[in-house]
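Observations on the three-dimensional arrangement
Each chain is listed here by its residues.
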Amino acid sequence: MVIVAFLTLLFSSDVRAGEICFSTASLLKAGAEPVAVTTFDIGKDGGTDLAVANYAGNTITVHRQLGDGTFLDPADYMAGYGNLGYGPTAIVASELSGDGIVDLAFTAAIGNAIGVMRGKPDGTFQTAIFHYVGLSPQGLACGDLDGDGDLDIVTADGNSASMTVMANDGTGGFSFLASYQTGLAPRDVVVADWDGDDDLDVAVVCRKSHDFAVFINDGSGALGGRVRYTVGTDPTGIAAGDFDEDGDLDLAVAINAEGVIEIHANDGAGQFARSGRLAAGDGPTALVGGDFDADGKLDLAVTNLFDKSFSILLGRGSTFTSAQTSSIGDYAVKLCAVDFDQDGDDDLALPMLEGGTLLVNINQGGGYFPGVMTGPAGEYVWDMEIADMDGNGMKDIVCLNVLEATVSVTFLDYYGRPDHSYYYPTGADPYDAFVADADSDGDLDVLVSSFGGRKLQVLSNDGSGYLAVTSETALPGELTSVAGADFDNDGDVDAVVRIIANNPSNQGLFILTNDGAGQFTVRNDI
């Protein structure tokens, strides 16, 4: 599976597929195998926007949050085209182009490149522009390394034992500045001022040499004086913060194979020494600093890969409390911390690798996060929709399950807990689903695009959430995406599908008009 290829880790035998995650938090749609997330406020409206890097889906999913806390429908952007890009593994949001608008930068591991998506005044993003870096970049960070007032980019190049520095021209255009040798299999990188001279230095963690390397900036952007520090087996994540409250920035390293976090204290001159080993969950992978108990002290959150959980360690100045671990029912390889509900403590966003979703988990106060319950779904959920399928006023979850070629509906009770699930067959190789009232009877149906079957299916709802195929429309190619709207203004929902075909005349977007009863016909005027 692609999951195994991406993680390059051996999973234990108790890994469970076929589950949906439930919590008191929001479960937002992402793409196939979301692996990284970043936050920003592109509209400057007080909302916390999110961008998710989807490794297998080769997309960037953007969720915009309004100032009232609600999220708009997500927008997807391609993370590769032609022979450029592909396989996003890390993402950051920063003002890169000097126009005051947030831009996005991501690593394209398969394409050995970074992609830069410039933000637009309307809150959307331009098509990515790619710049080559080292082999299989896994992590990136932004900072003004050369002191010219704009943000440069540094990448951890996993398959070339190096990191690459890309200089910003001030408008968001990037060019190669330098490459530096690191340890083996660099995985993550962080930029900060280690030696207190007011310019930015770099640290990169390396999995196969079991160390991290620190590079000191001479003020011009040249990084020298590399020092490597040995850590435990298989370090995968690194974060900076003043964990001992002595005025300089220390480093925390996630040690995947040993289930611990190592703290390395800075002496103020950029020299580090291990000052603690903290127990986490099984397979700590990525970590982030934040204030989770609103006491003004820096805490840590870490994802634990093997037991599908995350842990919170509360800072007490020079020490940390024991880890508080919460299950999430899915693999999360990255996370970010931000105060979504603006109540003074930081919350978490975690990409859910198998489910193709983004978990926004709200801190209940004091650093307590609710555990996540699980409910049944298919073995490989390719798409997920949230809708009231049985008309009882409660939101239910509709999943498109690729391997079983089914649509599953999981009905939730009054408290948002999974009650029961039903499965309904689709055509061969279902690719995408869209929920709408296709037959105009007042309940919600499901439109499914069949990649292998080359048809659009309508699964009609009898009002109780029971679905059955009532319409199939053959099309001249393999269907990918499907969406709907009233394109002809006749009061019913029409469909638009994307088709891939060898014949160029049969490829592209096709609009299908609805007769009002859920029967669709390809429009011939496009």
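Further up the page is the structure itself.
Residue positions are counted from 1 within each chain, in the order its sequence is given. Confidence filtering applies because this is a predicted model: local features only for residues at pLDDT of at least 70, side-chain atom pairs given and counted only at 80 or more, and all residues used for totals across whole chains, interfaces and linings. Heavy atoms throughout the structure, all of them, feed into the side-chain values; hydrogens and water do not.

1. Here we look at the overall build of the protein chain
Selection criterion: The helix and strand labels rest on DSSP assignments: H or I over at least four residues marks a helix, E over at least two residues marks a strand, and numbering proceeds from the N terminus. Only C-alpha atoms enter the radius of gyration; for comparison, a globular chain is expected to reach 2.2 Å times N to the power 0.38, where N is the number of residues. Partly exposed describes any residue whose relative accessible area lies between the buried limit of under 20% and the exposed limit of over 50%, with all areas from a 1.4 Å probe on protein chains only and scaled to the type maximum. Here a residue-residue contact requires only that any non-hydrogen atoms of the pair lie within 4.5 Å. Values of accessible area rely on a 1.4 Å probe in the Shrake-Rupley scheme; residue burial ignores everything except the protein chains shown. The sign given to each residue is positive for Lys and Arg and negative for Asp and Glu; His and the chain ends receive no count. A single reference atom marks each charge: NZ on Lys, CZ on Arg, CG on Asp, CD on Glu.
Across its full length, the protein chain carries 1 helix and 44 strands. Here the C-alpha radius of gyration of the protein chain, 24 Å, is about what a compact globule of 526 residues would show, namely 24 Å. Expressed as lengths along the three principal axes of its C-alpha atoms, the size of the protein chain is roughly 75 × 45 × 45 Å. By residue count, 58% of the 526 residues in the protein chain fall in the buried class. Put simply, 42% of the contacts in the protein chain that link residues at least 6 apart link residues at least 24 apart. Surface accessibility of the protein chain: about 19,800 Å² in total, with carbon and sulfur atoms responsible for 50%. Where the 23 positive side-chain charges of the protein chain centre and where its 79 negative ones centre are 6 Å apart.

2. Things to note about the sheet that holds strand S39 (residues 455-461)
Worth spelling out the cut-off: Pairing between strands is defined by DSSP: at least two bridges between the two strands are required. Here an angle of 0 to 180 degrees is reported between the N-to-C directions of two axes, which are lines fitted to C-alpha atoms, with helices fitted over the stretch in contact.
Here 4 strands make up an open sheet; going across it, the order is S37-S38-S39-S40 and the pairing antiparallel. The strands lining the two open edges of the sheet, one partner per strand, are strand S37 (430-436) and strand S40 (467-474). With direction set aside, neighbouring strand axes in the sheet form an average angle of 20°. Bridge analysis of S39 against S40 gives 7 bridges, and the strand direction is antiparallel. Residue pairing for S40: Asn-461 is matched across the bridge by Leu-467.

3. Examining the packing of aromatic side chains
The following threshold applies: Geometry of aromatic contacts follows a simple scheme: Phe, Tyr and Trp rings, the Trp one being its six-membered ring, pair when their centres are within 6.5 Å, and the pair is stacked under 30 degrees between planes, edge-to-face over 60, tilted otherwise. Only Lys NZ and Arg CZ are tested; either one counts as a charge over a ring when it is within 6 Å of the ring centre and within 35 degrees of the ring normal.
One pass over the full model with this rule turns up 14 aromatic pairs. The structure contains a cluster of three or more aromatic residues connected by ring pairs, namely Trp-194, Phe-212, Tyr-229 and Phe-272. Its guanidinium or amino end placed over the ring of Tyr-331, Lys-308 lies 4.8 Å from that ring's centre, counting from NZ or CZ.

4. Considering the side chain of Thr-38
Looking at the secondary structure, you find Thr-38 in strand S3 (residues 34-40). Among all residues touching Thr-38, those that are not within four sequence positions of it are Asp-49, Leu-50, Ala-51, Ile-91, Val-92, Ala-93 and Leu-104.

5. Topic: the sheet that holds strand S13 (residues 137-143)
Sheet architecture is open: 4 strands sit in the order S13-S14-S15-S16, paired in antiparallel fashion. With partners counted over all chains shown, the strands left at the sheet margins are S13 and strand S16 (174-181), one partner each. Put simply, the sheet's adjacent strands are angled 20° from each other on average, direction ignored. Sheet analysis places S13 next to strand S14 (residues 152-157), joined by 6 bridges and oriented antiparallel.

6. Remarks on the nonpolar core
Our working definition: We call a set of buried residues a nonpolar core when its members are Ala, Val, Leu, Ile, Met, Phe, Trp, Tyr or Cys and they connect through side-chain atoms within 4.5 Å of each other.
Of all hydrophobic cores here, the largest spans 21 residues; its most connected members are Phe-40, Ile-60, Val-62, Leu-104, Phe-106, Met-117 and Phe-125. The set of elements that each furnish at least two residues to this core consists of S3, strand S4 (49-54), strand S5 (59-63), strand S9 (88-94), strand S10 (103-108) and strand S11 (113-117). Per-element accounting of this core gives the leading share, 3 residues, to S10. Apart from the residues within four sequence positions on either side, Leu-104 is in contact with Thr-38, Phe-40, Ala-51, Ile-60, Val-62, Val-92, Ala-93, Gly-115, Val-116, Met-117 and Phe-125. The next biggest cluster of nonpolar side chains, apart from the first, holds 20 residues, and it includes Leu-27, Val-288, Ile-312 and Met-352.

7. What about the state of the cysteines?
Rules: The term disulfide is used for any two cysteine sulfur atoms that are within 2.5 Å.
The final tally for this structure, using the stated rule, is 0 disulfides. Sulfur of Cys-142: no disulfide; nearest cysteine sulfur belongs to Cys-336 and is 15 Å away.

8. A look at the environment of Leu-251
Looking at the secondary structure, you find Leu-251 in strand S22 (residues 250-255). Exposure remark for Leu-251: the relative accessible area of 0% places this residue in the buried category. Between the C-alpha atom of Leu-251 and that of Arg-274, which follows or precedes it by 23 residues, the distance is 9.2 Å.

9. Topic: unusual backbone geometry
A positive phi is found at Lys-44, a non-glycine position, where the angle reads about 50°. The residue Lys-44 is located in the loop between S3 and S4 in this model. Taking the relative accessible area as the measure of exposure, Lys-44 reaches 58% and is therefore exposed. With phi around 60°, Ser-440 is a residue other than glycine that occupies positive phi space. You can see Ser-440 is positioned in the loop between S37 and strand S38 (445-450).

10. Let's talk about the pattern of salt bridges
Once their charged atoms are close, side chains differing in charge can pair, the charge on each being opposite to the other. To be explicit about the condition: A side-chain nitrogen of Lys or Arg and a carboxyl oxygen of Asp or Glu constitute a salt bridge if their distance falls within 4 Å.
Across all of its chains, the model carries 13 salt bridges by this definition. A salt bridge links Arg-316 to Asp-295; the nearest nitrogen and oxygen atoms lie 3.4 Å apart. Remark: Asp-295 occurs in the loop between strand S25 (284-290) and strand S26 (299-304) and Arg-316 occurs in the loop between strand S27 (309-313) and strand S28 (324-327); sequence separation between them is 21 residues. A relative accessible area of 41% places Arg-316 in the partly exposed class. In this structure Asp-295 comes out as partly exposed when scored by relative accessible area, which is 34%. Residues joined in a network through salt bridges with shared partners are Glu-258, Glu-262, Arg-274 and Arg-277.

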